[in-house]
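Reading the structure
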Amino acid sequence: AAMAHGFFSALPKLILLCLPLFALYTRFLFHKSKQVYLQHLVLALHYHTFIYLWLMFEEGWTRLFGLVSPTAASWVEEVGDLWMLVYPVLMLRYVFANSWWKTLVKTGLLTGIYAITLGLGFVITATILLLTL
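Residues numbered from 1 in each chain as written. Predicted model: local features only at pLDDT ≥ 70, side-chain atom pairs only at ≥ 80, totals over all residues. Heavy atoms only, no water.

1. Regarding the nonpolar core
Note the following rule: Among the buried residues, those of types Ala, Val, Leu, Ile, Met, Phe, Trp, Tyr and Cys that are joined through side-chain atoms within 4.5 Å form a nonpolar core. Throughout, exposure labels follow a simple rule: accessible area from a 1.4 Å probe, protein chains only, divided by the maximum for the residue type, with under 20% read as buried, over 50% as exposed, and the rest as partly exposed. Under the DSSP-based scheme used, a helix requires at least four consecutive residues in state H or I and a strand at least two consecutive residues in state E, with every element numbered from the N terminus. Note on definitions: a residue-residue contact is assigned when non-hydrogen atoms from the two residues lie within 4.5 Å.
One finds Phe22, Tyr47, Phe50, Met91, Leu92, Leu110 and Tyr114 to be the most contacted residues of the largest nonpolar core, which totals 25 residues. Going through the elements one at a time, helix 1 (2-29), helix 2 (37-68), helix 3 (70-96) and helix 4 (100-131) are the ones with two or more residues in this core. In terms of residue count, helix 1 provides more of this core than any other element does, 10 residues in total. Ignoring anything within four residues of it in the chain, the contact list for Phe50 reads Trp83, Met84 and Tyr87.

Here it is as structure tokens:
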């Protein structure tokens, strides 16, 4: 129980440490945009803030609709999950003005690379917690 608490307490710090890497990845993937790294970092802050706020609101709305109907709650959750998939594509398309095809490919690459980064971060965090017990 103590290790699980320590792990979940470390997650926000892990995400904060990975955020500059997200900006670096967008800098490389969208290098033709001529934006400087700081602009990519602002985009990364915006996107991560969106994720935190959306997850917070989605959970609240799902529970609220769950009081009325489990079906309605399920629908709200599905729409929320779909929006989490659509939003980054729309955001990256708007900010970098690539074609839809390029935006979809680059969003997929960004998602894969960042998922690997977060996965490695989770493993490193868990390993550090295990070693410090």
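So much for the structure itself; the text now carries on.
2. So, a nonpolar patch on the surface
Short version of the rule: Residues enter a patch when their relative accessible area is above 30% and they make no salt bridge; the linking distance is 9 Å between like charges and 5 Å between nonpolar side chains (Val, Leu, Ile, Met, Phe, Trp, Tyr). To measure how exposed things are, a 1.4 Å probe is used in the Shrake-Rupley method; for residues, cover is taken only from the protein chains shown. Put simply, a salt bridge is a Lys or Arg side-chain nitrogen that is within 4 Å of an Asp or Glu carboxyl oxygen.
A surface patch of nonpolar side chains, about 870 Å² in accessible area, is lined by Leu53, Met56, Phe57, Trp61, Leu64, Phe65, Leu67 and Val68. Relative accessible area serves as the criterion here: at 32%, Phe65 is assigned to the partly exposed category.

3. A word on the packing of helix 2 against helix 3
Counted only if it meets this: Axes, fitted as lines to C-alpha atoms, cover a helix only where it is in contact. Angles between the N-to-C directions of the axes lie from 0 to 180 degrees. These descriptions rest on fixed angle ranges, namely under 35 degrees for roughly parallel, over 145 for roughly antiparallel, 65 to 115 for roughly perpendicular, and the rest for oblique. Left-handed is the label given to a crossing in which the near helix is rotated counterclockwise from the far helix by less than a right angle, and right-handed is the label when the rotation is clockwise. Under this grouping Gly is polar, as are all residues other than the nonpolar Ala, Val, Leu, Ile, Met, Phe, Trp, Tyr, Cys and Pro and the charged Asp, Glu, Lys and Arg.
In the contact formed by helix 2 and helix 3, the axes pass within 9 Å of each other and the chain directions differ by 165°. The orientation of helix 2 with respect to helix 3, classified from their angle, is roughly antiparallel. Pair helix 2 / helix 3 crosses with right-handed handedness. Of the residues in the contact of helix 2 with helix 3, the class split is 19 nonpolar, five polar and three charged.

4. Some words on unusual backbone geometry
At Lys34, a position not held by glycine, the phi torsion is positive, near 65°. Here Lys34 is to be found in the loop between helix 1 and helix 2. Although it is not a glycine, Ala97 adopts a positive phi angle of roughly 55°. Tracing the sequence through the fold places Ala97 in the loop between helix 3 and helix 4.

5. As for the side chain of Thr26
Secondary-structure assignment places Thr26 in helix 1. Residues within four places of Thr26 in sequence aside, it is in contact with His40, Leu43 and Leu110.

6. Description of the pattern of salt bridges
Here the idea is simple: oppositely charged side chains can pair when their charged atoms come close. Per the counting criterion, the structure on display carries one salt bridge. With a shortest N-O distance of 2.6 Å, Glu59 and Arg63 are connected by a salt bridge. In this pair, Glu59 and Arg63 are both assigned in helix 2, four residues apart and thus about one turn of the helix distant. Judged by relative accessible area, Glu59 falls into the partly exposed class, the value being 41%. Under the relative-accessibility criterion, Arg63 is labelled exposed at 58%.

7. A look at the packing of aromatic side chains
The condition is simple: Stacked, tilted and edge-to-face pairs are distinguished by plane angle, under 30 degrees for stacked and over 60 for edge-to-face with tilted covering the rest, among Phe, Tyr and Trp rings (Trp via its six-membered ring) whose centres lie within 6.5 Å.
Taken as a whole and judged by the stated rule, the model has nine aromatic pairs. Between the aromatic rings of Phe22 and Tyr47, the centroid separation amounts to 5.5 Å while the plane-to-plane angle is 15°, which identifies the pairing as stacked. Of this pair, Phe22 sits in helix 1 while Tyr47 sits in helix 2, and the two are 25 residues apart along the sequence. The buried category is assigned to Tyr47, whose relative accessible area is 11%. Pairing Tyr47 with Phe50 gives two aromatic rings, centres 6.3 Å apart and planes at 25°, and the pair type is stacked. Taken together, the positions of Tyr47 and Phe50, both in helix 2 and three residues apart, correspond to about one turn of that helix. One aromatic cluster is present, built from ring pairs that chain together Phe22, Tyr47, Phe50, Trp54, Trp83, Tyr87 and Tyr114.

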